[in-house]
Protein chains: 2
Amino acid sequence: MNQDNFNCPIPHHDDERISIAHGGGGLMMHRLLEKTIFPRVSPEQAHASQDSALIADSLALSTDSFVVSPLFFPGGDIGRLSVFGTTNDLAMVGAEANYLSLGLILEEGFPKCDLERILASIDAAQKEVGVKVVTGDTKVVPRGKGDGVYINTAGVGRLINPVLRLAPGQVCDGDHIIVSGDIGRHEASIIVARKEFGIEADIASDLAALTPTVRKLIDAGLDLHCLRDLTRGGLGSALHEICHSNRKNLSFVLDSEKLPLSQEVNSLAELLGFDPLFMANEGRFVAFVSPADSEQTLAIMQSMPGGNAAAVIGTVRQEERSQVWVKSAYGSEKKLPILNGDQLPRIC
Amino acid sequence: MNQDNFNCPIPHHDDERISIAHGGGGLMMHRLLEKTIFPRVSPEQAHASQDSALIADSLALSTDSFVVSPLFFPGGDIGRLSVFGTTNDLAMVGAEANYLSLGLILEEGFPKCDLERILASIDAAQKEVGVKVVTGDTKVVPRGKGDGVYINTAGVGRLINPVLRLAPGQVCDGDHIIVSGDIGRHEASIIVARKEFGIEADIASDLAALTPTVRKLIDAGLDLHCLRDLTRGGLGSALHEICHSNRKNLSFVLDSEKLPLSQEVNSLAELLGFDPLFMANEGRFVAFVSPADSEQTLAIMQSMPGGNAAAVIGTVRQEERSQVWVKSAYGSEKKLPILNGDQLPRIC
């Protein structure tokens, strides 16, 4: 880091500096957002607790930066991720992405051939999901001040049903909690691609566009209350976020027996001591739905590519205090812990 | 750079890699955009040759990433720059920014106190220009994979006058070319802040919101044809871009005697052998206007903060081939060269 960049006195304590865990999707990240970032630039965002903002005329705006390492992994690459990462965030508020901006931060020395592959991947992804890159920006940083390429996309999308509000505050007592497929694949694929733990396994990321599934659910007129994609921090962190921002003293009770998990991801998680509930995904989401529409929601999810393992994993109940409970095979319930840092940095 | 990031064979030649000049706003950057980026992800952008895209319902979308070094410089910092950089791009198509997204890429170890100063600066800037950060994203990269903080903003804005089209293709024979203030201040302030050349001088960046000036020009009903902010590559590169994308065989003739330049910037440029025509600005723009409205345009520009040196610097004339000419004090004309790389990396 360029020391000329600092205006403040050099910090004496580690807690006065940014750490890797501040980017991990867990407690540290949420504290940084809630104590440092939101109060200064966007107090309304803290209340919304959504990755997309509703703006004028039934439009939504969302953004994501991508710093995944490695850039190419089984099941995808940073290009495909940078399109679906943002279009998925828009889908979670019920919006279909129409326009994308593309910001590239390239490191000096990065092979043009790899840039071309990433751009081709962006193009394939934008065509697949029906969105268009309409504006962009390119910066170059010197060697050692980046890591090949970082990408930012921002997306503007239109609400599929302008009167449907999908938000944590819409979750109700009795709602079914449904996950759209088996969990943990993205993080598992990155672990294998990094070769850090010497593990060889054939696991592809779940990276996928969620818009087609969301469109089907909305077009079917189902009584959907809240959707959330399971990225950094996994299903567990998504549930904690929704639980603690619904402001209605609702608790979530997960049935540990119902969590959809592939044999490969389960084995890898056991080997490394990771909890799949907190492993990252890039093509899965959780839906909170009226019990009457639970069966049809599940059927639509299961009919989509990658969705065959979709499952009702829990229910919402009124309590004195919001909690996320995990019910064991024997019926006992214990609190789901909150992820402090992350299990693996730079997964997206 | 993480070698696992590469999928292509390791390049043998430097021209197969990204170089600093690809980010410099000159010929190298335009070749990268036109040969590598636009054809793959956004062929329409190549024709538009604008930094903002018009999207549905009189809205415009723009994005910029900011990697400026140092983060704090006389007259501004990366926070203020990241707000005005994007709102200025929107102003250039005649749009007033309403909503911003904010993507932060933080380096592990970055002092929180400096982050707080930058966020406070973003907040002051958003209030000054009347835009709101409504959504965002935060990533952390390990030490040595960033440089403190990189910021991306994307902005959505509404056209001030929905029927007014500001674009290179609107430029006409006989138009006056007007610059909104003295040039080169931003690059000069960064040079001084970096202390690389051992120069001590009291020069503040021209960093400013252009929206108020543009709103006044549009509200006055002036016959404006094209606006362009003078960032990387400076006034010279902006003129080349507009000249070569208007597709009407129009040439621009600049009067070198009329270029507004402060004594401080002029001295610094002479000392370092820099051409002020290619030095970066962050609060200046060039306007192409009907001669009948030239005087009123100039009067409005001069009435705005920082605009007292605004000047009519040239005219547009029909020729067999589009060229940018510079007329000397003796009346002779020579072609304005095209900037190849940039004079200084990471100025924005």
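Residues numbered from 1 in each chain as written. Chains lettered and ligands numbered in written order. Predicted model: local features only at pLDDT ≥ 70, side-chain atom pairs only at ≥ 80, totals over all residues. Heavy atoms only, no water.

## As for the packing of aromatic side chains
Then step 1. Summed over the entire model, instances satisfying the criterion amount to two aromatic pairs over all chains.
Then step 2. Relative to Phe288 of chain A, the ring of Phe252 of chain A has its centre 4.9 Å away and its plane inclined at 50°; by these criteria the two rings are tilted. One end of the pair, Phe252 of chain A, is in strand E10 (residues 250-255); the other, Phe288 of chain A, is in strand E11 (residues 285-289), and 36 residues separate them in sequence. For the pair Phe252 of chain A and Phe288 of chain A, a shared accessibility class is recorded, and that class is buried.
Then step 3. Across the ring face of Phe66 of chain A, the terminal group of Lys139 of chain B is positioned such that the distance to the ring centre comes to 5.6 Å. (Phe/Tyr/Trp six-rings, centres within 6.5 Å; stacked < 30°, edge-to-face > 60°. Helix = DSSP H or I, 4+ residues; strand = E, 2+ residues; numbered from the N terminus. Buried < 20%, exposed > 50% of the residue type's maximum accessible area, 1.4 Å probe, protein only. Lys NZ or Arg CZ within 6 Å of the ring centre and 35° of its normal.)

## Thoughts on the state of the cysteines
Then step 1. Considering all chains together, one arrives at two disulfides over all chains under this definition.
Then step 2. Here Cys8 of chain A is linked by a disulfide to Cys113 of chain B, with a sulfur-sulfur distance of 2.0 Å. On the S-S bond that ties Cys8 of chain A to Cys113 of chain B, the torsion sits near -75°, and the link is left-handed. Residue Cys8 of chain A is located in the segment before helix H1 (27-41), and its partner Cys113 of chain B is located in helix H4 (residues 112-129); the two belong to separate chains. (Disulfide = S-S within 2.5 Å.)

## Looking at the packing of helix H5 (residues 185-194) of chain A against helix H8 (residues 263-272) of chain A
Residue and element names in this part refer to chain A.
Then step 1. Where H5 meets H8, the closest approach of the two axes is 10 Å, and the angle between their N-to-C directions is 65°. Judged by the sense of rotation from one axis to the other, the crossing of H5 with H8 is left-handed. Between H5 and H8, the contacting residues are Arg185, Ala188, Ile191 and Val192 on the first element and Glu264, Val265, Leu268 and Leu272 on the second.
Then step 2. Its residues placed into classes, the contact of H5 with H8 shows six nonpolar, no polar and two charged. (Axes fitted to C-alpha atoms, helices over the stretch in contact; angles between N-to-C directions. Left-handed = near helix turned anticlockwise from the far one by under 90°. Contact = heavy atoms within 4.5 Å. Nonpolar A, V, L, I, M, F, W, Y, C, P; charged D, E, K, R; others polar.)

## Observations concerning the pairing of strand E9 (residues 224-229) of chain B
Working note: regular strand, side chains alternate between the two faces of the sheet.
All names here are of chain B.
Then step 1. For E9, the tally of buried residues reaches six of six residues, placing the bulk of the element in the interior.
Then step 2. Relative to strand E11 (residues 285-289), E9 is paired through five bridges, and the arrangement is antiparallel. In the strand pairing of E11, Leu227 is matched with Ala287. (Pairing = 2+ DSSP bridges.)

## Examining the relation of the copies chain B and chain A
Then step 1. For the pair chain B and chain A, the superposition axis carries a translation of 0.0 Å, the fit reaches an RMSD of 0.0 Å, and the rotation angle comes to 180°. Here the symmetry operator amounts to a two-fold rotation axis.
Then step 2. Comparing interface residues between copies, 100% of those in chain B also lie at the interface in chain A; the contact surface is shared. (Least-squares fit on C-alpha atoms with pLDDT ≥ 70 in both.)

## Points about the confidence of the model for chain A
Then step 1. Across chain A, pLDDT averages 94, with 98% of residues at or above 70.
Then step 2. For this predicted complex, the interface confidence reaches an ipTM of 0.96, while the overall pTM sits at 0.96. (pLDDT = per-residue confidence, 0-100.)

## Some thoughts on the pattern of salt bridges
Then step 1. Tallying each qualifying case throughout the model produces 36 salt bridges over all chains.
Then step 2. Residues Glu116 of chain B and Arg40 of chain A are paired through a salt bridge, measuring 3.9 Å at the closest nitrogen-oxygen approach. Residue Glu116 of chain B is found in helix H4, and its partner Arg40 of chain A is found in helix H1; the two belong to separate chains.
Then step 3. A residue is classified by how much of its surface remains accessible, and Glu116 of chain B, at 27% relative accessible area, is partly exposed.
Then step 4. You can call Arg40 of chain A partly exposed: its relative accessible area is 28%. (Salt bridge = Lys/Arg side-chain N within 4 Å of Asp/Glu carboxyl O.)

## Quick word on the packing of helix H4 (residues 112-129) of chain A against helix H1 (residues 27-41) of chain B
Then step 1. Where H4 of chain A contacts H1 of chain B, the axes come no closer than 7 Å and their chain directions differ by 30°. As far as their axial angle goes, H1 of chain B and H4 of chain A are roughly parallel. In this structure, H4 of chain A contributes Leu115, Glu116, Leu119, Ala120, Ile122, Asp123 and Gln126 of chain A to the contact, and H1 of chain B contributes Leu32, Thr36, Ile37, Arg40 and Val41 of chain B.
Then step 2. Taken together, the residues of the contact of H4 of chain A with H1 of chain B break down into seven nonpolar, two polar and three charged. (Parallel < 35°, antiparallel > 145°, perpendicular 65-115°, else oblique.)

## Observations concerning the sheet that holds strand E2 (residues 59-66) of chain A
Neighbouring strands of a sheet are bound in pairs by backbone hydrogen bonds; such pairs are parallel or else antiparallel.
Residues and elements named next belong to chain A.
Then step 1. Pairing is mixed in the open sheet, where five strands are placed in the order E1-E2-E7-E5-E6. Each edge of the sheet is formed by a strand with only one pairing partner; in this case those strands are strand E1 (52-55) and strand E6 (132-141). Neighbour to neighbour, the strand axes of the sheet diverge by 20° on average, direction disregarded.
Then step 2. The pairing of strand E5 (residues 95-107) with E6 spans nine bridges and is classified as parallel.

## Some details on the interface of chain B and chain A
Then step 1. Each partner contributes residues to the interface: chain B has 93 residues there, and chain A has 93 residues.
Then step 2. Buried surface at the junction of chain B and chain A, both sides included, amounts to about 8,300 Å², of which 60% is carbon and sulfur.
Then step 3. Applying the counting criterion to the chain B and chain A interface returns 10 salt bridges.
Then step 4. One salt bridge in this structure joins Asp64 of chain B and Lys139 of chain A, with 3.8 Å as the shortest N-O distance.
Then step 5. Where chain B touches chain A, the interface holds 30 residue pairs in polar contact (both at pLDDT 80 or more). (Buried area = accessible area lost by both parts, 1.4 Å probe. Polar contact = N/O pair within 3.5 Å; in protein donor to acceptor, adjacent residues only side chain to side chain.)

## A short note on the side chain of Glu107 of chain B
Then step 1. Among the secondary structure elements, Glu107 of chain B is positioned in strand E5 (residues 95-107).
Then step 2. Although Glu107 of chain B lies buried, it forms no salt bridge, and the closest oppositely charged side chain, Lys145 of chain A, sits 6.5 Å away as judged by the N-O distance.
Then step 3. Polar contacts involving the side chain of Glu107 of chain B include one to the main-chain amide nitrogen of Gly148 of chain B, which spans 2.8 Å.
Then step 4. Among all residues touching Glu107 of chain B, those that are not within four sequence positions of it are Met1 and Ile18 of chain A together with Val141, Pro142, Arg143, Gly144, Lys145, Gly146, Asp147 and Gly148 of chain B. (Lys, Arg positive; Asp, Glu negative; His and termini not counted.)

## Observations regarding the sheet that holds strand E10 (residues 250-255) of chain B
Residues and elements named next belong to chain B.
Then step 1. Ordered by their spatial adjacency, seven strands build an open sheet running E9-E11-E8-E12-E10-E13-E14, and the pairing between neighbours is mixed. Both edges of this open sheet fall to E9 and strand E14 (333-335), since each of them pairs with a single strand only. The mean angle between the axes of side-by-side strands here comes to 25°, regardless of whether they run parallel or antiparallel.

## A look at the domain arrangement of chain A
Residue and element names in this part refer to chain A.
Then step 1. Domain annotation of chain A identifies domain 1 (51-159) and domain 2 (168-335).
Then step 2. Taken together, the contacts link 20 residues of domain 1 with 21 residues of domain 2.
Then step 3. A buried area of about 1,800 Å², summed over both sides, lies between domain 1 and domain 2, and 62% of it is on carbon and sulfur atoms.
Then step 4. Interface area lost by domain 1 to domain 2 is led by Pro74, Asn88 and Met92, which between them contribute 33%.
Then step 5. Scanning the region where domain 1 abuts domain 2 turns up one salt bridge.
Then step 6. Put simply, Arg215 and Glu96 hold a salt bridge, and the shortest N to O gap is 2.6 Å.
Then step 7. Summed over the shared surface of domain 1 and domain 2, the result is six residue pairs in polar contact (both at pLDDT 80 or more).
Then step 8. Listing elements by their share of the side of domain 1 that touches domain 2, those giving two or more residues are strand E4 (76-77) and helix H3 (78-91).
Then step 9. Class assignment of the residues belonging to the side of domain 1 that touches domain 2 gives a composition of nine nonpolar, six polar and five charged. (Domains from an automatic or database assignment.)

## A closer look at unusual backbone geometry
Residues and elements named next belong to chain A.
Then step 1. Between Ser69 and the following residue, Pro70, the backbone shows a cis peptide bond with an omega angle of 0°.
Then step 2. Phi is positive for Lys195, close to 60°, though the residue is something other than glycine.
Then step 3. Along the polypeptide, Lys195 turns up in the loop between H5 and helix H6 (211-219).
Then step 4. Judged by its relative accessible area of 59%, Lys195 falls in the exposed class.

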